[in-house]
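Below are the chains, spelled out letter by letter.
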Amino acid sequence: MEKADELKNIHRSGTNIMSFFDDNDKEHELQKQQSAAELKKDEYLRSVELLKKLITKKGTKSDSTRIISIGLLIETTDFLNIPPDRKKMLKKNMEWCNKQYEKYLDI
């Protein structure tokens, strides 16, 4: 297994055939990152949708408006290339969602 790890770390772009494998490795890594980003986005959207249902039944109009806005923010965010300011905004809003979720579960 260690030898396989050593072979993977060798830069293979010296030949045309080997450059194909380097490109393939990069593409595979990008696909893994894209999949992880999509999973995170889907997870956030499911959480927001659940909270939206709770707020619709038990919440206020302003909370309902905010949760819809947060859902739109998540849907329009590129989780693979998320800018720091958007990441901070999303984190703040998801913290608000967690507090609201606890609040509406207690009602």
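Keep in mind that what you see is a predicted model, and the values were worked out from it rather than measured.

Turning to helix α3 (residues 61–75), a few remarks are in order. In a regular helix each residue adds 1.5 Å, so 15 residues correspond to 21 Å; α3 covers 21 Å between its end C-alpha atoms and thus fits that length. Along α3, the residues that are buried comprise D63, I67, I70, G71, L73 and I74. Down the axis of α3, the smallest arc covering the buried residues is 160°, so these residues share one side. Opposite the buried face of α3, by more than 90 degrees, sit the exposed residues K61 and S62.

The final tally for this structure, using the stated rule, is two salt bridges. Close ionic contact of K32 with E29 constitutes a salt bridge, the shortest N to O distance being 3.6 Å. Note that K32 and E29 are positioned in helix α2 (residues 16–58) at a spacing of three residues, about one turn of the helix. The partly exposed category is assigned to K32, whose relative accessible area is 45%. In this structure E29 comes out as partly exposed when scored by relative accessible area, which is 37%. The partner of K103 in a salt bridge is D63, and the shortest N-O contact between them spans 3.7 Å. With K103 in helix α4 (residues 84–106) and D63 in helix α3, this residue pair connects regions lying 40 residues apart in the sequence.

Basis of the calculations
- Along each chain, numbering runs from 1 in the same order as the chain's sequence is written.
- pLDDT decides what is reported in this predicted model: residues at 70 or higher carry local features, side-chain atom pairs at 80 or more are listed and counted, and totals for whole chains, interfaces and linings draw on all residues regardless.
- Water and hydrogen atoms play no part in the side-chain values, which are based on all heavy atoms of the structure.
- In this text, helices come from DSSP runs of H or I with a minimum length of four residues, and strands from runs of E with a minimum of two, each type numbered from the N-terminal end.
- The span one expects for a helix is its residue count, reduced by one, times 1.5 Å.
- The buried label applies to any residue whose accessible area, calculated with a 1.4 Å probe on protein chains only, is under 20% of its type's maximum; exposed applies above 50%, and partly exposed to all values in between.
- Note: the arc covers the axis-to-C-beta directions of the helix.
- Just to be clear on terms, a salt bridge is a Lys or Arg side-chain nitrogen sitting within 4 Å of an Asp or Glu carboxyl oxygen.

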